[in-house]
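So you can see what is in the structure, the chains are spelled out below.
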Amino acid sequence: MANANSAHPGDAKIFVVEHLDPELEAWSSLEYSAIASECSATGAKFLLSSVPEQLELPENLQQAKGLNIEHRSIETVFADQKDRVCLLDPAASKELSPEDGDRFHVFLFGGILGDDPPRDRTSELRKKGYEGRRLGPVQMTTDTAVRVTRMIVQDRVPLEAIPYIDHPELKINKHESTEMPFRYVKGKDGQPIMPEGMVDLIKKDSERGFGDLL
Ligand code: SAM
């Protein structure tokens, strides 16, 4: 039987987030729906893989345009195309370049809540043997990592030409602010690009204190 995810030269790129947490937290659901809408707007395919069968998707994801849910893992879905899969890996020794867009067809990310300091859960995917590329030395949120990868491999913008904001400070209320321990893409308005609804969620969560984040 033909695999609907098979790669052919010239095909749209496939961005795969392998969901590695047992739950799907509010943070992740906002990130995933931002990835889905940006991929669908730019002609890319987004696959959220390894989603447990019994996991009920939050409402915003059930309606997200451009979201393809896959219960199988990356290894099964792309079993016959391992050498065309690039793992975005903060520990890789080589940075992602526009030419990698010619070499790889599938770009793989860890669907992990970011943490500070990082616990290197991307290693769960690294040990499967995919070739890795780094997006610079600073930890990004998953949606930022996908956004940056799309800019590099689809728009062919070099990694170092993308404007970033590191560790932005968000105002929680009149007296308090919180520093996000991640790198973001700088938007046209000069602000870090974040999924819709994320700032409100951060404000709500910061009242409870941070542990695991995005
Ligand atoms: N603390 C994390 C860990 O345990 O590996 C990083 C998780 S990050 C929030 C989620 C995913 O975004 C990673 O698994 C990786 O695919 C991608 N990512 C984030 N920053 C990256 C970077 N600087 N280089 C390459 N990939 C990155």
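Read on for a plain summary of the structure. Counting restarts for each chain: residues are numbered from 1 in the order of the written sequence. Confidence filtering applies because this is a predicted model: local features only for residues at pLDDT of at least 70, side-chain atom pairs given and counted only at 80 or more, and all residues used for totals across whole chains, interfaces and linings. Excluded from the side-chain calculation are hydrogens and water; included are all heavy atoms of the structure.

## Section: the nonpolar core
1) Next: As used here, the term nonpolar core means buried Ala, Val, Leu, Ile, Met, Phe, Trp, Tyr and Cys residues forming a set that is joined through side-chain atoms within 4.5 Å. Buried means the residue's accessible area, taken with a 1.4 Å probe over protein chains only, is under 20% of the maximum for its type, while exposed means over 50%, and partly exposed covers the values in between. Ranked by internal contacts, the top residues of the largest apolar core, which has 33 residues, are Phe 107 and Leu 135.
2) Next: Elements with a minimum of two residues in this core: β1 (14-19), α1 (26-41), β2 (45-49), β4 (85-88), β5 (106-111) and α6 (142-153).
3) Next: The numbering of helices and of strands both runs from the N terminus, where a helix is a DSSP run of H or I of at least 4 residues and a strand a run of E of at least 2. When residues in this core are grouped by element, the largest group, 6 residues, is from α6.
4) Next: Note on definitions: a residue-residue contact is assigned when non-hydrogen atoms from the two residues lie within 4.5 Å. Phe 107 has contacts with Lys 13, Ile 14, Phe 15, Val 16, Cys 86, Leu 88, Leu 96, Asp 100, Gly 101, Thr 149 and Val 153, leaving out every residue within four places of it along the chain.
5) Next: Membership of the second largest hydrophobic core comes to 14 residues, among which are Val 16, Val 77, Leu 125 and Tyr 130.

## Some thoughts on the packing of aromatic side chains
For any pair of aromatic rings, the description consists of the separation of the ring centres together with the inter-plane angle of the planes.
1) Next: Two aromatic rings from Phe, Tyr or Trp, using only the six-membered ring of Trp, form a pair when their centres are within 6.5 Å; if the ring planes differ by under 30 degrees the pair is stacked, by over 60 it is edge-to-face, and anything between is tilted. Following the criterion strictly, the structure yields 2 aromatic pairs and no others.
2) Next: With centroids separated by 5.8 Å and ring planes inclined at 25 degrees, the aromatic side chains of Phe 15 and Phe 107 adopt a geometry described as stacked. Of the two residues, Phe 15 is situated in strand β1 and Phe 107 in strand β5; the sequence distance between them amounts to 92 residues.
3) Next: In this structure Phe 15 comes out as buried when scored by relative accessible area, which is 0%.
4) Next: Among the residues examined, Phe 107 registers a relative accessible area of 0% and is labelled buried.

Nothing here speaks to function; it is geometry throughout.
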